[in-house]
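The lines below spell out each chain.
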Amino acid sequence: MNRFLSNPTTWEPEEWNYLNQELRLTDQIAEDDTYSVTSAELLDPEQCADYLDRLQPLYRSSSRSLTASMFSKRYAFMMVCPMLYAMSVYRKTFSLTIDNCQLESAYFQLPTRKTWMPNLWLRDPSVYELQSIHAENNELYTQQREDIVRRIFADHLQPILKNISEVSSISRTILWENIAIYVYVLYENRILKEVSEDQRERIQHDLDYLTKQAPADCFGEKRNPLAQFYTPKRVVPLSEQPQRVRKTCCAHYELPAPTDYCPTCPKICKS
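Residues numbered from 1 in each chain as written. Predicted model: local features only at pLDDT ≥ 70, side-chain atom pairs only at ≥ 80, totals over all residues. Heavy atoms only, no water.

Trainee: Honestly, the side chain of Q102 in this entry has me stumped. Any pointers?
Mentor: With respect to the helices and strands, Q102 occurs in strand β5 (residues 101–104). Side-chain polar atoms of Q102 contact the side chain of E104, separated by 2.4 Å. One polar contact links Q102 to R123, side chain to side chain, over a distance of 3.3 Å. If near-sequence neighbours (up to four positions away) are discounted, Q102 is found in contact with I29, V37, T38, N119, L120, W121 and R123. (Helix = DSSP H or I, 4+ residues; strand = E, 2+ residues; numbered from the N terminus. Polar contact = N/O pair within 3.5 Å; in protein donor to acceptor, adjacent residues only side chain to side chain. Contact = heavy atoms within 4.5 Å.)

Trainee: Mind showing me how you'd approach the environment of R123 here?
Mentor: Note on placement: R123 falls in the loop between β8 (119–122) and β9 (127–129). Residue classification places R123 among the partly exposed positions, given a relative accessible area of 47%. The sequence separation of R123 and M78 amounts to 45 residues, and the corresponding C-alpha distance is 15 Å. Setting aside chain neighbours within four positions, we find R123 in contact with T38, D99, N100 and Q102. Reaching out from R123, the side chain makes a polar contact with the backbone oxygen of D99 at a distance of 3.2 Å. (Buried < 20%, exposed > 50% of the residue type's maximum accessible area, 1.4 Å probe, protein only.)

Trainee: Please explain the sheet that holds strand β3 (residues 37–38) as it appears in this structure.
Mentor: Whenever strands of a sheet pair, they do so through backbone hydrogen bonds, lying parallel or antiparallel. Within the open sheet, the four strands sit side by side as β2-β8-β5-β3. Their pairing is mixed. Edge positions in the open sheet fall to β2 (25–26) and β3, since each of these has one partner strand only. Bridge analysis of β2 against β8 gives two bridges, and the strand direction is parallel. Paired with T26 across the strands is W121, a residue of β8. (Pairing = 2+ DSSP bridges.)

Trainee: Mind showing me how you'd approach the packing of aromatic side chains here?
Mentor: Two descriptors summarise a pair of aromatic rings, namely the distance from one centre to the other and the angle between the planes of the rings. Scanning the entire structure with this criterion turns up 15 aromatic pairs. Seen from their ring centres, F71 and Y75 are 5.7 Å apart, and the 45 degrees between their planes marks the pair as tilted. With a gap of four residues between them, F71 and Y75 both fall in helix α3 (residues 64–90), about one helical turn apart. Judged by relative accessible area, which is 0%, F71 ranks as buried. On the numbers, 6.5 Å between centres and 20 degrees between planes, the contact of F71 with W116 is stacked. (Phe/Tyr/Trp six-rings, centres within 6.5 Å; stacked < 30°, edge-to-face > 60°.)

Encoded structure:
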């Protein structure tokens, strides 16, 4: 790892169970590896294009660009949610280098069909405790947090999104918004609702950092994409609760029935 993360540790049983059952971190190799892939393979244009084409019938998608949009959501969840949850809630981290990550196929049973929900498997599953677990203004924790954000976004996601964008002719902006939504939902709908009152303030600091303060170079881009899409929520036609309307369309509505427009789709939430 690096100079900020020098304290090896382990997951507590309840921590591992949560990351495994809720956020799809796994220690098991899939028996059926038809749709398994290493992150390194997604960096190779030919292998990335071939993999997206293999996924196309799985999504019942009509184009490689639509497949890329749908796949980026699955990929974003696995790379963003366990890492940020571990950082904010457990004050622990692990290696998310491209060479350390592999997607393992798994399926989730819905009432009428199975849906593909891959898991994240780590070649090196070592866990590290952040050296400072208190005081959001602590300089060391600030350095640790910036380092983790950089490792997730600039070092891992940005080069893979760039390659997916190039081989599928989909805008990288759409892919970044697909990722940003998972960050917002992770904190607003999950972490901040789960934790105790005394934890909530320090975790809000983490969300504020991600969406307002993190420098663009932590994302390998000219601007912070999490800040770019972090707009106020408002009333929309397809939801009883206020929603943050997307700026780009992920094209989910193009999938065959029973899929439909997302409640936050800009095509139906025009002012």
